[in-house]
Amino acid sequence: QVQLVESGGGLVQPGGSLRLSCAASGTIFSITAMAWYRQAPGKQRELVAHITSGHKPTYVDSVKGRFAISRDNAKNTVYLQMNNLKSEDTAVYYCNEWGTSRWGQGTQVTVSS
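So, how was this worked out
Residues numbered from 1 in each chain as written. Predicted model: local features only at pLDDT ≥ 70, side-chain atom pairs only at ≥ 80, totals over all residues. Heavy atoms only, no water. Phe/Tyr/Trp six-rings, centres within 6.5 Å; stacked < 30°, edge-to-face > 60°. Helix = DSSP H or I, 4+ residues; strand = E, 2+ residues; numbered from the N terminus. Buried < 20%, exposed > 50% of the residue type's maximum accessible area, 1.4 Å probe, protein only. Disulfide = S-S within 2.5 Å.

A.B. asks: Any details on the packing of aromatic side chains? Residues and values, ideally.
C.D. replies: Under the criterion given, the structure shown has 2 aromatic pairs. When the centroid spacing of 4.9 Å and the interplanar angle of 70° are considered together, the rings of Tyr37 and Trp103 count as edge-to-face. Separated by 66 residues along the polypeptide, Tyr37 in strand E4 (residues 34-39) and Trp103 in the loop between strand E9 (91-97) and strand E10 (107-111) bring together distant segments of the chain. On the basis of relative accessible area, Tyr37 is assigned to the buried category, the value being 16%.

A.B. asks: Please provide a residue-by-residue account of the state of the cysteines, values included.
C.D. replies: With the rule as written, the count across this model stands at 1 disulfide. Here Cys22 pairs with Cys95 through a disulfide, and the sulfurs are 2.1 Å apart. The disulfide joining Cys22 to Cys95 has a torsion of about -80° about its S-S bond and is therefore left-handed. Remark: Cys95 occurs in strand E9 and Cys22 occurs in strand E3 (residues 18-25); sequence separation between them is 73 residues. Using a relative accessible area of 0% as the deciding quantity, one classes Cys95 as buried.

As structure tokens, this is what we get:
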């Protein structure tokens with residue numbers, strides 16, 4: 001059974017940084033593309049970043065230049081480094097095994113002064 005466990009969310013001031021982690025188990029992580037999504041209150045869940053098994057990243061335009069997705073296959077973990085955070089980044093962030101309906105439980109990110 002695949003399990004995805006996110007961590008690293010919290011409250012941060014505008015302009016601050018956070019690093020999210022997603023630890024995967026029960027899957028062949030090294031050959032699996034992974035993604036981070038987010039869902040703000042009253043909005044649909046949206047794709048934030050994606051990374052291929054070959055470490056190639058893609059980003060939604062609103063986070064380009066501020067967020068960085070990476071992965072450590074030895075640790076079965078995918079990361080989302082978030083810099084220069086803005087209030088509009090406030091959301092629950094979810095880890096996803098790409099192309100599947102497997103999701104983590106989510107981690108809350110709140111950007112507020």
